[in-house]
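A closer look at the structure
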Amino acid sequence: MTGNPPIGSHWARNGGQPRIAVIGAGMSGIGAVIKLEKAGYTDVTVFEKTGEIGGTWRENRYPGLSCDVPSYFYQYTFAPNPDWSHRFSYGPEIQAYLKRTAERFGVMPRIRFNAPVTELRYEAPRWHLRAGDGEAEVFDIVIAATGVLHHPSVPDFPGLDDFRGTAFHTARWPENLDLTGKKVGIIGTGSTSAQIVGAITDQVARVSLFQRTAQWIHPLPQKRYGERWKGLLRRIPALNRAAYRGVSFTIDQTFVRATLGSPVMLRYLAWMCRRNLRRNVPDPELRAKLTPDYRAGCKRMIFCSTFYPAISKDNAELVTAGIDRIEADGVRTADGTLHELDVLVLATGFKASNFILPTRVIGENGVELGSQWDGIPRAHRATTMPGFPNFWMLEGPTGPVGNISLFMISEQQIDNLILSLDEMRAREAVAMAPRQDAFERYNADMARAVRGTIWFTGGCNSWYLDRNGVPNIYPWAPRRFRREMQNPDFSEFRFMRDEAEAIAADRAAAVTA
Ligand code: NAP
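All figures in this text were calculated on a predicted structure; none of them were measured in a lab. (Residues numbered from 1 in each chain as written. Predicted model: local features only at pLDDT ≥ 70, side-chain atom pairs only at ≥ 80, totals over all residues. Heavy atoms only, no water.)

A word on the overall build of the protein
Note the following rule: What counts as a helix is a DSSP run of H or I of at least four residues, what counts as a strand is a run of E of at least two, and both are numbered from the N terminus. Note on method: radius of gyration uses C-alpha positions; expected globular size equals 2.2 Å times residues raised to 0.38. None of His or the chain ends enter the tally, which takes Lys and Arg as positive and Asp and Glu as negative. The location of each charge is read from NZ of Lys, CZ of Arg, CG of Asp or CD of Glu.
The helix and strand inventory of the protein stands at 16 helices and 21 strands. Taken over C-alpha atoms, the radius of gyration comes to 24 Å for the protein, in line with the 24 Å a tight globule of 513 residues would show. Each of the three principal axes of the protein carries a C-alpha extent, and together these read 75 × 55 × 45 Å. Distance between charge centroids for the protein: 8 Å, based on 62 positive and 54 negative side chains.

Quick notes on the domain arrangement of the protein
Interfaces are often sized by the accessible area lost when the parts come together. Basically, it comes down to this: An automatic or database domain assignment supplies the residue ranges for each domain. Whether two residues are in contact is decided by their heavy atoms, any of which lying within 4.5 Å being enough. Using a 1.4 Å probe, buried area is obtained as the accessible area two parts lose upon being combined, added over both of them.
Here the protein is partitioned into domain 1 (11–53 + 107–151 + 351–512) and domain 2 (160–227 + 261–346). Averaged C-alpha coordinates put domain 1 and domain 2 at centres separated by 35 Å. If you look at the interface, domain 1 gives 12 residues, while domain 2 gives 11 residues. Roughly 960 Å² is buried in total at the junction of domain 1 and domain 2, and carbon and sulfur atoms are behind 53% of that figure.

Quick look at the sheet that holds strand E1 (residues 20–23)
Rules: Two strands qualify as a pair provided that DSSP identifies no fewer than 2 bridges between them. Every axis in this analysis is a line fitted to C-alpha atoms, fitted for helices over the stretch in contact. Angles between the N-to-C directions lie between 0 and 180 degrees.
Spatial strand order, E3-E2-E1-E7-E19: five strands in an open sheet with parallel pairing. Of all strands in the sheet, those bounded by a partner on one side alone are strand E3 (111–112) and strand E19 (391–393). Pairing analysis gives three bridges linking strand E7 (residues 141–144) to E19, with the strands arranged parallel. What sits directly across from Ala144, in E19, is Met393. Packing of helix H2 (residues 27–38) onto the sheet brings it into contact with E1, strand E2 (44–47) and E7, and relative to E2 it is tilted by some 175°. The sheet strands contacting helix H12 (residues 406–427) are E1, E7 and E19, and the helix crosses E19 at an angle near 165°.

A look at the site of the ligand
We apply this condition: Nearness is judged by heavy atoms alone; a residue qualifies as near a molecule or strand once a single heavy atom is within 4 Å of it. What qualifies as a polar contact is a pair of N or O atoms within 3.5 Å, subject to a donor-acceptor requirement within protein and to the restriction that residues adjacent in sequence count only when both atoms come from side chains. With residues, only the protein chains shown are counted as cover, and all accessible areas are computed by Shrake-Rupley using a 1.4 Å probe. Think of it as three bins: nonpolar holds Ala, Val, Leu, Ile, Met, Phe, Trp, Tyr, Cys and Pro, charged holds Asp, Glu, Lys and Arg, and polar takes everything else, Gly as well.
The ligand sits among 23 residues. The nearest are Thr189, Thr192, Thr213, Lys299 and Trp463. Between Thr213 and the ligand, the recorded distance is 2.4 Å, taken from a side-chain N or O atom to an oxygen atom. Expressed as a share of its isolated accessible area of 910 Å², the protein-covered part of the ligand is 83%. If one sorts the elements of the shell around the ligand by residue count, helix H5 (residues 191–200) sits on top with three residues. Each residue belonging to the shell around the ligand can be placed in one class, and the counts come to nine nonpolar, 10 polar and four charged.

Some details on helix H13 (residues 436–450)
The line we're drawing: A helix is expected to reach a length of 1.5 Å times the quantity of its residues less one. Under the scheme applied here, a residue whose accessible area is under 20% of the maximum for its type counts as buried, over 50% as exposed, and between as partly exposed, the area being computed with a 1.4 Å probe on protein chains only. Here the arc refers to the directions that run from the helix axis out to each C-beta atom.
Between its first and last C-alpha, H13 extends 21 Å over 15 residues, near the 21 Å set by a 1.5 Å rise per residue. Of the positions making up H13, those classed as buried are Gln436, Ala438, Phe439, Tyr442, Asn443, Met446 and Val450. Taken down its axis, H13 places every buried residue within 160° of arc, on the same side. Where H13 is buried, its residues meet strand E20 (431–434), helix H14 (454–457) and helix H15 (478–486).

Details of the packing of aromatic side chains
Note the cut-off: Classification of ring pairs uses Phe, Tyr and Trp, with its six-membered ring standing for Trp, and accepts pairs whose centres are within 6.5 Å; under 30 degrees between planes counts as stacked, over 60 as edge-to-face, and the remaining range as tilted. Each ring is checked for a lysine NZ or an arginine CZ that lies within 6 Å of its centre and within 35 degrees of its normal; such an atom marks a charge sitting over the ring.
Taken as a whole, this structure holds 28 aromatic pairs when the rule is applied. Plain terms: the ring middles of Phe355 and Trp373 are 6.1 Å apart, the flat faces sit at 70° to each other, and that makes the pair edge-to-face. Taken together, the positions of Phe355 in the loop between strand E17 (343–346) and strand E18 (360–362) and Trp373 in helix H11 (residues 369–373) put the pair 18 residues apart, joining distant regions of the chain. Here Phe355 falls in the buried class, since its relative accessible area comes to 7%. Judged by relative accessible area, Trp373 falls into the buried class, the value being 5%. Ring geometry for Trp455 against Tyr464: centres 5.8 Å apart, planes inclined by 80°, an arrangement best described as edge-to-face. There is no split in this pair, since Trp455 and Tyr464 are both buried. Across the ring face of Phe495, the terminal group of Arg427 is positioned such that the distance to the ring centre comes to 4.1 Å.

The structure is reproduced here in structure tokens:
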């Protein structure tokens, strides 16, 4: 923490500390508290909508839940874990790591559990935050660490309510559900579905997988780590850090280059996936059905070595006829067949354009974030919004996602936020927000660049696309994002030096959509 608290500000009256609210106690929220504290920002309160931390790793409990980003890269840089049991961690182990880290760094006492934030209202230069039915509380800074994929998307299948068995979305997996001997239907073929099919097929009577679109599936070289290796990492933590950098570099040179349009890397990825299919699916008819008709890398690449062997088993069927409707006994497809089921799993993905919504976020001049976005969420350098001073988003709209580590992206964004708070202190400012012109210039550059990516040219549909069919994610290499986060250009922001200036800006705000 550098500089002075803004003179006469709430910060100055609060022992030089801005009051900071973090929304969400998932990976980003926990990381934010720890890094802020280390930087000297200690008045931090976390609002968590449920009774437990962990975000996506708390919410998802489906069989086979794992992370296809290598363990040594999918962790905080400040808490390298020598004890990862596998090269690609399973969900419960990541959840345990998050809990352990939150406890070790004293995050837990800062969390208010079962406190869903329903409204954030900016009254210059502070935010009024309402959680649940409670009274509004006042904060100087708000950090939305609410995650990307947490609003289940449940398509409106006709007859879904008539189904007599158990039906649920993958993110709402019922506790203690026993699938032994059951006929299980799974709709959707994304990363989640591939992991579930791989995990349950041996246990159930029958799996019927309803596929609308075939996927490119890269093998996942899973590996268990031995005790000697873990002991070595404990003794020499530098090895763990080297592994982080090594994986980051490899991903950058391969998958990242592919998605940004490198023809060599794209060919290599397609070749790896085709070979994976050939080696693991002996039946040519099934292989043909599993062959995608768009380019590799267009959707988020699936990494899974259990899916192809599982779907090739005698008790598995791949259904490619469209779904006509859901009936009491199962799924009726367009060819008239009724696929009888006891359990129906909706692996149909998430509403990726919600972010912090439906929380009402009301910025300068009474403008609502939801109406500002109008179904196409935007941000300045994926973190801030004009008209919403002192409001930061972690893993917000148009950020780098895909086959990379969101731990890394989140940490870079937190570092950027800390640099911004330091800058406010240095300038003795009470509020800052990106300038409208900088935001528009940045978004126009992004809109041009995104058209060169495989997400746009690859000929597929995916959750990366906005409702106009344009990818809504960071179109450049993650290392560029790191540079942007490490070297913020503060000329892109307007700073309000005192309350009167902030109030005047609030009144004058003419925010354009
Ligand atoms: P997803 O990738 O969005 O896949 C949703 C699936 O549901 C698609 O196959 C989609 O078909 C299908 N679908 C949606 N609506 C449908 C309808 N009306 N009728 C028939 N099919 C329908 O969702 P996800 O698998 O849950 O994965 C979401 C993201 O979560 C991943 O991309 C990844 O970022 C993350 N994730 C990561 C990991 C990991 O290991 N790191 C694991 C799981 C998930 P179409 O393809 O035809 O649209």
